[in-house]
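Listed below are the residues making up each chain.
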Amino acid sequence: MSVRPIRADEFTDWHRLFSAYAGLFRDGVSEEHAALVWGWITRGEHQLHALVVTDDSDRPVGLAHVRWIARPLAGEMGLYLEDLVIDPDVRARGLGRELLDGVAEFAREGGAPTVRWITAPDNTRARALYAQVAEEAPYIIYDRFVEVGN
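Report follows, based on the coordinates. It should be emphasised that the depicted structure is a prediction, and the values quoted were computed from it without experimental measurement. (Residues numbered from 1 in each chain as written. Predicted model: local features only at pLDDT ≥ 70, side-chain atom pairs only at ≥ 80, totals over all residues. Heavy atoms only, no water.)

### Re the overall build of the protein
From N to C terminus, the protein includes four helices and five strands. Moving toward the C terminus, one meets the helices and strands of the protein in the order β-α-α-β-β-β-α-β-α. The globule rule puts the C-alpha radius of gyration for 150 residues at 15 Å, and the 16 Å found for the protein is close to it. Projecting the C-alpha coordinates of the protein onto the three principal axes gives extents of approximately 45 × 40 × 30 Å. Burial analysis of the protein (150 residues in total) assigns 36% to the buried set. A separation of at least 24 residues holds for 54% of the contacts in the protein among residues at least 6 apart in sequence. Of the roughly 9,900 Å² of accessible surface on the protein, a fraction of 52% belongs to carbon and sulfur atoms. (Helix = DSSP H or I, 4+ residues; strand = E, 2+ residues; numbered from the N terminus. Rg over C-alpha atoms; globule rule 2.2 N^0.38 Å. Buried < 20%, exposed > 50% of the residue type's maximum accessible area, 1.4 Å probe, protein only. Contact = heavy atoms within 4.5 Å. Areas by Shrake-Rupley, 256 points an atom, 1.4 Å probe, with all protein chains shown as cover.)

### Considering the environment of Asp56
Here Asp56 shows up in the loop between strand E2 (48-54) and strand E3 (60-71). Residue classification places Asp56 among the exposed residues on the basis of a relative accessible area of 80%. Asp56 sits 55 residues away from Met1 along the chain, and the two C-alpha atoms are 5.5 Å apart.

### Some words on a nonpolar patch on the surface
Where nonpolar side chains cluster on the molecular surface, the patch consists of Ile118, Tyr139 and Ile141 and spans about 350 Å² of accessible area. Relative to the assigned elements, Tyr139 resides in the segment after helix H4 (124-133). Among the residues examined, Tyr139 registers a relative accessible area of 58% and is labelled exposed. (Patch = residues over 30% accessible without salt bridge, like charges linked within 9 Å, V, L, I, M, F, W, Y side chains within 5 Å. Salt bridge = Lys/Arg side-chain N within 4 Å of Asp/Glu carboxyl O.)

### What about the pairing of E3?
In terms of burial, E3 is a largely internal element, ten of the twelve residues being buried. In the sheet, E2 pairs with E3 via seven bridges, with the strands oriented antiparallel. Bridging from a neighbouring strand, Val52 pairs with Leu63 of E3. Where E2 folds back on E3, the antiparallel hairpin that results is connected by five residues, among which Asp58 adopts a positive phi of roughly 70°. Sheet topology note: the E3/strand E4 (residues 76-86) ladder contains ten bridges and is antiparallel. What sits directly across from Ala70, in E4, is Met77. What sits between E3 and E4 in their antiparallel hairpin is a turn of four residues, with Gly75 showing a positive phi close to 65°. (Pairing = 2+ DSSP bridges.)

### A short note on the packing of aromatic side chains
Scanning all chains against the criterion turns up six aromatic pairs. Measuring from centroid to centroid gives 5.4 Å for Trp68 and Phe106, while their planes differ by 20°, and the two rings are stacked. With Trp68 in strand E3 and Phe106 in helix H3 (residues 95-109), this pair connects stretches of sequence that are 38 residues apart. Looking at Phe106, the relative accessible area reads 19%, which means it is buried. Through a chain of ring-to-ring contacts, the aromatic side chains of Phe11, Trp14, Phe18 and Trp38 assemble into a single cluster. (Phe/Tyr/Trp six-rings, centres within 6.5 Å; stacked < 30°, edge-to-face > 60°.)

Next comes the structure, spelled out in structure tokens:
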């Protein structure tokens, strides 16, 4: 297994993993939504990158979306881990930790000393892993939704 950036010819694998992740929160991802996000990744828009962990045949079986963030108070860049998912058929084999370690290496190579992410309080299985590799931050997250032009 290895962690690497997604390749432009791996849309099908990316879409499978992204749809599985989205299915945890809603009814999946429309084709238009998938095409939009895939375009961001392949065109390098919004500082968004997709890293994958692969199986022995180099097939992506886990996905992490990451993006660079400015951290003004720290005076440095950071890496924000937006999404993380491992194919349910291969969970509990250390792939999540491998992917998180790959994300940390991506941050290190990019000069970012901090990787930040959020998770749900009831995501106990993931939180057990996260507690092994990171410190829980003492923050509460808010979302304010605003109307934007159509």
